[in-house]
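# Coordinate analysis (summary)
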Amino acid sequence: MDTYPIEIEIPDIRLYADGTDGIPYVHTFDSGLPGPHVMINSITHGNEVCGAIIVKELLDLDIRPERGRLTLAFANVDAFNNFHADTPDDSRFVDQDLNRVWTTEILDDLSLDSSELRRARMMRPVIDTIDFLLDLHSMHERSDPLIIAGPLDKGVSLGREMGAPATIIRDAGHSDGRRLRDYGDFGDPDSPKNATLVECGQHWEASVLSVARDCTARFLRSSGIIDDANIPAGWLQSASRTTRVVSVTDAVVAESMDFEFAAPYTGLETFEAAGEIIGWSNGKPVKTPYPNCVLVMPSLRQLMPGVTVVRLGQLEESVT
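Scope of this entry: the structure provided in the associated data block. Since we're looking at a predicted model, the values are computed, not measured. (Residues numbered from 1 in each chain as written. Predicted model: local features only at pLDDT ≥ 70, side-chain atom pairs only at ≥ 80, totals over all residues. Heavy atoms only, no water.)

The next subject is the sheet that holds strand β12 (residues 284-287). If you walk across this open sheet you meet the three strands as β9-β11-β12, and the pairing is antiparallel. Of all strands in the sheet, those with a lone pairing partner are β9 (259-261) and β12, marking the two edges. Strand after strand, the sheet turns through a mean of 25° between neighbouring axes, direction not considered. Bridging between strand β11 (residues 277-281) and β12 involves four bridges; their strand directions are antiparallel. Within β12, the position partnered with I277 by the bridge is K287. (Pairing = 2+ DSSP bridges. Helix = DSSP H or I, 4+ residues; strand = E, 2+ residues; numbered from the N terminus. Axes fitted to C-alpha atoms, helices over the stretch in contact; angles between N-to-C directions.)

Written out as structure tokens, the structure reads:
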């Protein structure tokens, strides 16, 4: 499988190693005035470098909250430090996926250990204080950007308030572990705390940065901790007047290494009829379960038994 070209510069984040509150690579700034605690998190996966570029730019620009608090974080630094241009997919994580460990049961069970668990436990005291979280990600394949809103109405509402990216994915996460965006009160429908995850585009394509800057600016604006006049110049982009919500209903999980797609899908392909073949697993056809089925983030780059290779969704609504 071919590797996409690396069109962006991998940032040097060592200047920000010390962090604040004794947590390396995590920086919190307090305005001294009432307001929410807002977090922009990057490199949950070490090869998804656009977030690290945006967090570094915010730090370099001395962006500070005008009310409330702002935390800027580089998460899986150990994986990021393993990044090599010739094998860029190999630095997604060190021992396990950092975006699959976010339950109190796992974090509290000290018999479990990994590089990612140690980092999650280190960051947890700050994350437990966050009111609004933006987790910046990117995708294996070249695709339109997505807001991953989680299963709750409040997540979809935050996506609509941001207004871009235009496609909002309502989903319950992954069977192999809980994401940061669903952790704790973020996943509680009765809590005012809220989180969003944005897939900004293919990991290393140049356009991923304009998407990441735009959604970061929109998130900061919606949080209310920074006035529009102090959002970095040029970050906000024009947005589509229409957003659409796609509700994930099914996950296609590889049973073995014998899985292939019927075409070189990249995501958001829509199939009008039920029963259309989208791939084969162990020689058996994988078919769309209903009309107007949308493919969400298809990829074989991390193919192994038990890994989700594509999720299937229904168009819930469009809002203008």
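Here we take up the pairing of strand β5 (residues 146-150). Most of β5 sits out of view: five of its five residues are buried. The side-chain alternation of β5 yields two buried faces, one formed by L146, I148 and G150 and the other by I147 and A149. Pairing between β5 and strand β6 (residues 167-170): four bridges, direction parallel. Bridge assignment links I147 to a residue of β6, and that residue is I168. In this fold, β5 hands off to helix α5 (residues 153-162), which returns the chain to β6; that crossover is right-handed. Alignment of β5 against strand β7 (residues 194-202), held across three bridges, turns out to be antiparallel. Following the sheet pairing, I147 is matched in β7 by V198. (Buried < 20%, exposed > 50% of the residue type's maximum accessible area, 1.4 Å probe, protein only. Right-handed = clockwise from strand over helix to strand, strands pointing away.)

Take I168: it is sitting in strand β6. Given a relative accessible area of 0%, I168 falls into the buried group. Distance from I168 to V246, taken between C-alpha atoms, is 6.2 Å for residues 78 residues apart in sequence. Apart from the residues within four sequence positions on either side, I168 is in contact with I147, A149, V156, G159, R160, T243, R244, V245 and V246. (Contact = heavy atoms within 4.5 Å.)

On to the environment of Q96, then. Within the secondary structure layout, Q96 lies in the loop between α2 (77-80) and α3 (104-108). Among residues more than four places away in sequence, those in contact with Q96 are V101, S114, E116 and L117. Only 2.6 Å separates the side chain of Q96 from the side chain of S114, close enough to count as a polar contact. (Polar contact = N/O pair within 3.5 Å; in protein donor to acceptor, adjacent residues only side chain to side chain.)

What follows concerns the environment of L98. Secondary-structure assignment places L98 in the loop between α2 and α3. Classification of L98 by relative accessible area gives buried; the value is 2%. Sequence spacing of L98 and G46 is 52 residues, and the spatial spacing of their C-alpha atoms is 9.5 Å. What L98 contacts, discounting residues up to four positions off in sequence, is T44, A75, N76, E116 and A120.

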